[in-house]
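Residues per chain, in single letters:
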Amino acid sequence: MKRLKQLFKLGGILLLAVILCNFLISYKAKNKTYDNIENLPTNKVGLVLGAGKITSNGYVNLYYKYRLEAAYLLWKNNKIDKILISGDNSRKDYDEPSTFKTDLIQLGVPETDIYLDYAGFRTLDSVVRAKKIFGLENVTIISQKFHNERAIFLAENYNLNATAFNAKDVSNRYGIKTKIREYLARTKAVIDVIINKQPKYLGPKVEIS
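Residues numbered from 1 in each chain as written. Predicted model: local features only at pLDDT ≥ 70, side-chain atom pairs only at ≥ 80, totals over all residues. Heavy atoms only, no water.

(A) Examining a nonpolar patch on the surface more closely. A contiguous nonpolar surface patch, about 510 Å² in accessible area, is contributed by Met-1, Leu-4, Leu-7 and Phe-8. Here Phe-8 shows up in helix H1 (residues 2–28). Classification of Phe-8 as exposed rests on a relative accessible area of 62%. (Patch = residues over 30% accessible without salt bridge, like charges linked within 9 Å, V, L, I, M, F, W, Y side chains within 5 Å. Areas by Shrake-Rupley, 256 points an atom, 1.4 Å probe, with all protein chains shown as cover. Salt bridge = Lys/Arg side-chain N within 4 Å of Asp/Glu carboxyl O. Helix = DSSP H or I, 4+ residues; strand = E, 2+ residues; numbered from the N terminus. Buried < 20%, exposed > 50% of the residue type's maximum accessible area, 1.4 Å probe, protein only.)

(B) Focus on the environment of Lys-28. Note that Lys-28 resides in helix H1. Judged by relative accessible area, which is 45%, Lys-28 ranks as partly exposed. Separated by 126 residues in sequence, Lys-28 and Leu-154 place their C-alpha atoms 9.9 Å apart.

(C) Just unusual backbone geometry, in detail. The phi torsion at Asn-31 lies on the positive side, around 65 degrees, for a residue other than glycine. Tracing the sequence through the fold places Asn-31 in the loop between H1 and strand E1 (33–34). In this model, Asn-159 sits at a positive phi of 65 degrees, which is unusual for a non-glycine residue. With respect to the secondary-structure elements, Asn-159 resides in the loop between helix H5 (145–157) and strand E6 (161–166). The class of Asn-159 is exposed, set by a relative accessible area of 59%.

(D) Inspection of the nonpolar core at higher detail. The biggest cluster of nonpolar side chains holds 26 residues, and the ones touching the most others in it are Val-48, Leu-74, Ile-83, Ile-85, Leu-104 and Ile-142. Here this core takes 8 residues from helix H2 (residues 62–76), the largest share from any one element. Those residues within four positions of Ile-83 in sequence are excluded, and the remaining contacts are Gly-46, Val-48, Ala-71, Trp-75, Leu-104, Val-109, Asp-113, Ile-114 and Tyr-115. Ala-130, Leu-136, Val-139 and Ile-152 belong to the second-largest nonpolar core, a separate cluster that totals 20 residues. (Core = buried A, V, L, I, M, F, W, Y, C linked by side-chain atoms within 4.5 Å. Contact = heavy atoms within 4.5 Å.)

(E) Region of the structure containing the pairing of E6. Taking burial as the measure, the 6 residues of E6 include 5 buried ones, the bulk of the element. By the bridge criterion, 2 bridges tie E1 to E6 in an arrangement that is parallel. The partner of Tyr-34 across the bridge, within E6, is Phe-165. Note: strand E5 (residues 138–143) against E6, 6 bridges, orientation parallel. Paired with Val-139 across the strands is Ala-162, a residue of E6. (Pairing = 2+ DSSP bridges.)

(F) Local environment of helix H3 (residues 96–107). Look at H3: 17 Å from first C-alpha to last across 12 residues, which is about the 16 Å you get at 1.5 Å a residue. For H3, every residue scored as buried is listed here: Glu-96, Pro-97, Phe-100, Lys-101, Asp-103 and Leu-104. For H3, the secondary structure elements touched by its buried residues are strand E2 (43–49), H2, strand E3 (80–86) and strand E4 (114–117). Immediately beyond the C-terminal end of H3, within one or two residues, lies Gly-108, with a positive phi of roughly 120 degrees. (Expected span 1.5 Å × (residues − 1).)

(G) How the structure looks around the packing of aromatic side chains. Considering all chains together, one arrives at 5 aromatic pairs under this definition. An angle of 80 degrees between the planes, with centres 6.1 Å apart, marks the rings of Tyr-63 and Phe-146 as edge-to-face. With a gap of 83 residues between them, Tyr-63 in helix H2 and Phe-146 in helix H5 connect regions that are remote in the sequence. Ring centres 5.8 Å apart and planes at 65 degrees place the aromatic pair Phe-121 and Tyr-201 in the edge-to-face group. Of this pair, Phe-121 sits in the loop between E4 and helix H4 (123–132) while Tyr-201 sits in the segment after helix H6 (172–194), and the two are 80 residues apart along the sequence. It is Lys-200 that lies over the ring of Phe-121; its NZ or CZ is 5.5 Å from the centre. (Phe/Tyr/Trp six-rings, centres within 6.5 Å; stacked < 30°, edge-to-face > 60°. Lys NZ or Arg CZ within 6 Å of the ring centre and 35° of its normal.)

(H) Highlighting the packing of H4 against H5. At a minimum axis distance of 9 Å, the contact between H4 and H5 shows a crossing angle of 50 degrees. Here H4 lies oblique to H5, going by the angle between them. Every pair of crossing elements has a handedness; the one defined by H4 and H5 is right-handed. Between H4, through Thr-123, Leu-124 and Val-127, and H5, the contact on the second element is made entirely by His-147, Arg-150, Ala-151, Leu-154 and Ala-155. Grouping the constituent residues of the contact of H4 with H5 by class yields 5 nonpolar, 2 polar and 1 charged. (Axes fitted to C-alpha atoms, helices over the stretch in contact; angles between N-to-C directions. Parallel < 35°, antiparallel > 145°, perpendicular 65-115°, else oblique. Left-handed = near helix turned anticlockwise from the far one by under 90°. Nonpolar A, V, L, I, M, F, W, Y, C, P; charged D, E, K, R; others polar.)

Shown next, in the form of structure tokens:
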């Protein structure tokens, strides 16, 4: 019985930590994410956070689709001049940045306005590399709101000034697993900031001209 009580107590502490981390990240990102393009400040570069295009069941990933549309919308309306796509390319048969690039070009974005970060394995990697590798001091992050809030929290703790444009979100039924994982990802983000976690890879600098 005593051990059971200890387990419940530990579970309660962990649950409280998750809730507090979630609240902290939402609070830190308050008034820094935008749904309305007219109110969004302009920036030279928009940072698109990667996602796979096709889901495991063979359908187009709506998170991908809406981020792609949001990036194009900002570029078309001169809210950003360049697009930096940061995603996972850890396998030869999986290349998030190049897939985004191909689809953006098909929409009409010139190749010269698109830059790729193949080592954006996590949101932290994408944000820190945007500053350390691509030399950005200011950036507009492009993803869904829940993701944008975490990215802004990370960016500002790694000295990158960030605002964000919220891509269209998906229905709760479609995205419920992602939303649950986000609570754990936010807890991990807070821990990463505390321990000053760095990206898996850095490498040579790239100038966005």
